[in-house]
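The primary structure of each chain is shown beneath.
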Amino acid sequence: MLTCRTMWRKLAPLARSSSTVCRQNVRRAGLNSGRTPTCVPAAHMSTGPAGGGGGDNLKYAVLVAAASLGSVVYAYQTVKGDQQRYEARLAELASRSQKAASKDPATLSQSEPTAAPSPEKPSPPASDAKGATPSKSTEPPPAVASTPASSKLPSHTPYLLIGGGTASFAAARSIRARDPGAKVLIVTDEPDLPYMRPPLSKELWFSDDPSVTETLRFKQWNGKERSIYFQPPSFYISPTELDSAANGGVAVLTGKKVVQMDVRGNKIKLDDDTEISYDKCLIATGGVPRNLQVIERAGEEVMKKTTLFRKIEDFKSLDKVSRNIESITIIGGGFLGSELACALGRRSTDSNLEVIQMFPERGNMGKVLPEYLSNWTTEKVKKEGVKVLTEALVKSVTCKNDKLEIQLKDGRLVKTDHIVAAVGLEPNVELAKSAGLEVDSDFGGFRVNAELQARSNIWVAGDAACFYDIRLGRRRVEHHDHAVVSGRLAGENMTGASKPYWHQSMFWSDLGPDVGYEAIGIVDSSLPTVGVFAKATAKDTPRAATEQSGTGIRSESETEDTATSTVAPVTPAPAVQQKDDYGKGVIFYLRDKVVVGIILWNVFNRMPIARKIIKDGEEHADLNEVAKLFNIHED
Amino acid sequence: MSYCKQEGKDRIIFVTKEDHEAPSNAELIADDPDDPYEEQGLILPNGDINWNCPCLGGMASGPCGSQFKEAFSCFHYSKEEVKGSECIDNFRNMQECMQRYPELYPQEEDKESSSQEESSSASSSAASSDNSALSSEMDSSQVSSVVSSDSTSPTDNHAAS
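Values in this document were obtained by computation on a predicted structure and should not be read as measured data.

Trainee: A description of the overall build of chain A should follow, citing residues and the corresponding values.
Mentor: Per the secondary structure count, chain A includes 16 helices and 28 strands. Of all 635 residues assigned to chain A, the portion counted as buried reaches 53%. For chain A, contacts bridging at least 24 residues in sequence account for 68% of all contacts bridging at least 6. Carbon and sulfur atoms provide 54% of the accessible area of chain A, an area that totals close to 27700 Å².

Here is the structure:
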């Protein structure tokens, strides 16, 4: 898996450069062919004095003629070949649709033993059969009569969701809510049912339960426990029962990867050669964690001691590793790196674990928070027991005597037992090639329009979607709530809604019990900011916020549309001394004098106001007046 | 006393409670309640039920989704004197379905009683913990209390739906 990623990363720049080379060649060729008639005389003149110009010019002319003739012939052949392939595929499609018309799709997965081959097999076979390609669709079905219905995967599904994460689940729920009796098939290469990611780097680490890696249940601040899985297994139906389910349902096919997508034929192919056709498809493939090149080149010994953190299995292995070592280093100063550092830092108070965090920026969240706040946050992270090394660029990593040695470019040497690399996410666009979908060169990911649509019948949501935000412009967002919002929107549009991305998603982060913030919009530290702060009291902490609102994960209070805080019992928070000035407040991020991003710093349950300000997109003369709307001095 | 400092491109303002006491003169654009792009609440502007409302959690999308939709729709459009009195069969169907999935729809006694008080439906027998979602029609804060006080189920209520 790692080598594939390496290869992909190596090929990606190549692909990019080759495309530019191609473009340049085309331009050059275009220029040449345009100028050939005039070139000759010019060359003649320029090489005149050198002598022998006439002969050279003749050879040149012959070469150009041969090349252009050759390219014309090649082009003709390619077009012809394409046309033939196209016609063949159309013919095959037509024959397939004729066969399908004669067959009731509801009983497709039932093992109706039909002697006639065609009705049973208009489209590709069951999973246990060998993969039959479309051209072989006229073959008799392999032992259908004796195969029980339960072992046959559907060969067609009205709604196909590629990827089994948050965006996919949100879309499935949206589709089921809007299309009664909808049959939704989720295909994921992970072995797990859809789950939420934020607790993997936060709440699960704070659990007192020693079996947390098995149960994956976490206790929220207010004492309520829940699983990271969105739904228990009983919510879903088996993929083999999907076709026959009277009221439809959501089926999850785990451990299968979609390797090819045929957009014209509206079908996908799995890694076991099964083909499944669809009416509407959602691509929610998320991404894979990036790695540092120095680590990839460092060899297997180093790679074995490196964790790229994203999935449940990564959480389990990191939990295990961190209990058995003396020193761990997190490379990366963004959300994931800082949250993991804080989580491990808290653990280090009980054990003898040394937790180091290093990153190139000058402070934690350096790309998100303005410098003064980033510095303040870094101090808080240090208080969580983390040794923070700022402005640290890794030069090389070696393994010596079973310990890792990280050499920094400024000469510092760090010795550690294990590395966690949290240096970003590479959106998974593997299907772009076979599907012929556009990939965005600025943000990565599949390029989709404001309604999250890539092509007819194909939508993309979540981390992998580079979409057009009507208010804020084209972007790609890698946050949990965005996966929910975009997944839900994609589900709505897949059922005919035609709505653009309008409800702005938010995100949040807690760095320990005293520092928490919620944010919305474009929160980029390179933008000019205006921060309005008040002195914080003990009541203004993330813990108090969740106790008061009775929610665990704060995005619930947003996406669940809860009107007010509830009657959940409020336990008194321990007295917290806020010595610093930046206790709580609001930070506005401006682009051309318009607020495009807002951070609510230790101020909670005010996201709707923030959302409204961004939605309006107005130029406000005095942001202090805007800050008043948030009532930062109240709870 | 509020004061202000500038650190490069970033401006920092410190304000006291008194500074923020005067009402804000910042102008916000009035919202259009019928804006089709906006996320709608439980009841759409045309009076229909928004089955995709996050407040419903996974009620309308789970295995008992269609039973729930039938029961709630019947209740919503009911014009009887005792609202929903003709919907008893629908609610019974729903309850039977939910009993088949105790993991998803745990039968909790205290929530049943609270929802009975709220919903004027005669079908109190059909009240399960998730019936209280019905009462949201009358009082959205009731929904939030259900949503937030549920612990193990429907877990999707707490999901980033």
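Trainee: Just give me the short version of the overall build of chain B, but keep the residues and values in it.
Mentor: For chain B, the helix and strand inventory stands at four helices and two strands. When the elements of chain B are put in sequence order from the N terminus, they spell out β-β-α-α-α-α. The 161 residues of chain B split such that 48% are buried. In chain B, once contacts between residues fewer than 6 apart in sequence are set aside, the share between residues at least 24 apart is 46%. Carbon and sulfur atoms provide 48% of the accessible area of chain B, an area that totals close to 7500 Å².

Trainee: Which residues make up the sheet that holds strand β25 (residues 516–521) of chain A, and what are the values?
Mentor: Strands sit in the order β24(A)-β25(A)-β28(A)-β27(A)-β26(A)-β2(B)-β1(B) across an open sheet of seven strands; the sheet is mixed. Taken across any chain shown, the strands that pair with only one partner, and hence form the sheet edges, are β24 (506–510) of chain A together with β1 (3–7) of chain B. Within this sheet the neighbouring strands show an average axis-to-axis angle of 20°, counted without direction. When β1 of chain B meets strand β2 (residues 10–14) of chain B, the two strands line up antiparallel, connected through five bridges. Bridged to Tyr3 of chain B within β2 of chain B is Phe14 of chain B. Across the sheet, helix α9 (residues 335–348) of chain A is in contact with β24 and β25 of chain A; its angle to β24 of chain A comes to roughly 30°. On top of the sheet, helix α15 (residues 607–616) of chain A reaches β24, β25 and β28 (594–601) of chain A; it is set at about 165° to β28 of chain A, its chief contact.

Trainee: Break down a nonpolar patch on the surface for me, citing the residues and quoting the values.
Mentor: Side chains of Tyr468 and Ile470 of chain A together with Tyr37 of chain B sit close together on the surface and give an oily, nonpolar patch of about 260 Å² of accessible area. Relative to the assigned elements, Tyr37 of chain B resides in the loop between β2 and α1 (65–77). Judged by its relative accessible area of 35%, Tyr37 of chain B falls in the partly exposed class.

Trainee: Hey, could you go over the pairing of strand β7 (residues 267–270) of chain A for me, with residue numbers and the actual values?
Mentor: Within a regular strand, the side chains alternate between the two sheet faces. Residue and element names in this part refer to chain A. The two faces of β7 match: Lys267 and Lys269 on one face and Ile268 and Leu270 on the other face are all buried. Bridge count for strand β6 (residues 258–262) against β7 is four bridges, and the pairing is antiparallel. Across the sheet, Asp262 pairs through a bridge with Lys267, a residue of β7. The hairpin turn running from β6 into β7, its antiparallel successor, is four residues long, and Asn266 in that turn takes a positive phi close to 55°. The sheet contact formed by β7 and strand β8 (residues 275–283) spans three bridges and is antiparallel.

Trainee: I'd like a rundown of helix α2 (residues 88–99) of chain B, residues and numbers included.
Mentor: An ideal rise of 1.5 Å per residue puts 16 Å on twelve residues; α2 of chain B measures up with 16 Å between its terminal C-alpha atoms. Contact partners of the buried residues in α2 of chain B: α1 of chain B.

Trainee: Please provide a residue-by-residue account of the environment of Gln260 of chain A, values included.
Mentor: Residues and elements named next belong to chain A. Looking at the secondary structure, you find Gln260 in strand β6. For Gln260 and Leu452, which are 192 residues apart along the polypeptide, the C-alpha to C-alpha distance reads 21 Å. If sequence neighbours within four positions are ignored, Gln260 has contacts with Lys267, Ile268, Lys269, Leu431 and Ser434.

Trainee: Provide a residue-level description of the packing of aromatic side chains, including the pertinent values.
Mentor: A complete count under the given rule lists 21 aromatic pairs over all chains for this structure. Summarising the aromatic geometry, the rings of Trp205 of chain A and Phe315 of chain A are spaced 5.2 Å apart at their centres and angled 85° between planes, so their arrangement reads as edge-to-face. In this pair, Trp205 of chain A sits in the loop between β2 (183–187) and α5 (212–215) while Phe315 of chain A sits in helix α8 (residues 312–323), placing the two residues 110 residues apart along the sequence. Each member of the pair, Trp205 of chain A as well as Phe315 of chain A, carries the same accessibility label: buried. Geometry around Phe206 of chain A places Arg346 of chain A over its ring, the cationic atom sitting 4.6 Å from the centre. One Lys or Arg, Lys83 of chain B, reaches over the ring of Phe75 of chain B and ends 5.6 Å from the middle of that ring.

Trainee: Give me the state of the cysteines: which residues, what numbers.
Mentor: Residue and element names in this part refer to chain B. Taken as a whole and judged by the stated rule, the model has three disulfides over all chains. The residue that forms a disulfide with Cys64 is Cys97, at a sulfur-sulfur distance of 2.0 Å. When the S-S torsion is -90°, as for the bridge of Cys64 with Cys97, the disulfide is left-handed. Highlighted residues: Cys64 in the loop between β2 and α1 and Cys97 in helix α2, separated in sequence by 33 residues. Relative accessible area serves as the criterion here: at 2%, Cys97 is assigned to the buried category. Across the disulfide, Cys74 is cross-linked to Cys87 (sulfur-sulfur distance 1.9 Å). Judged by the sign of its S-S torsion, about -85°, the cystine formed by Cys74 and Cys87 is left-handed. In this pair, Cys74 is assigned in helix α1 and Cys87 in the loop between α1 and α2, connecting sequence segments 13 residues apart.

Trainee: Quick one: what's the story with the pattern of salt bridges, residue by residue and with numbers?
Mentor: Residues and elements named next belong to chain A. Within the structure shown, the criterion is met by 35 salt bridges over all chains. Among the ionic pairs, Lys202 bridges to Glu339, the shortest N-O distance being 2.9 Å. Here the residue Lys202 occupies a position in the loop between β2 and α5, and Glu339 occupies one in helix α9, the gap between them amounting to 137 residues. A single burial state applies to Lys202 and to Glu339, both of which are buried. The partner of Arg346 in a salt bridge is Glu384, with the nearest N and O atoms 3.9 Å apart. In this pair, Arg346 sits in helix α9 while Glu384 sits in the loop between α10 (371–383) and β13 (386–389), placing the two residues 38 residues apart along the sequence.

Rules and cut-offs
Residues numbered from 1 in each chain as written. Chains lettered and ligands numbered in written order. Predicted model: local features only at pLDDT ≥ 70, side-chain atom pairs only at ≥ 80, totals over all residues. Heavy atoms only, no water. Helix = DSSP H or I, 4+ residues; strand = E, 2+ residues; numbered from the N terminus. Buried < 20%, exposed > 50% of the residue type's maximum accessible area, 1.4 Å probe, protein only. Contact = heavy atoms within 4.5 Å. Areas by Shrake-Rupley, 256 points an atom, 1.4 Å probe, with all protein chains shown as cover. Pairing = 2+ DSSP bridges. Axes fitted to C-alpha atoms, helices over the stretch in contact; angles between N-to-C directions. Patch = residues over 30% accessible without salt bridge, like charges linked within 9 Å, V, L, I, M, F, W, Y side chains within 5 Å. Salt bridge = Lys/Arg side-chain N within 4 Å of Asp/Glu carboxyl O. Expected span 1.5 Å × (residues − 1). Phe/Tyr/Trp six-rings, centres within 6.5 Å; stacked < 30°, edge-to-face > 60°. Lys NZ or Arg CZ within 6 Å of the ring centre and 35° of its normal. Disulfide = S-S within 2.5 Å.

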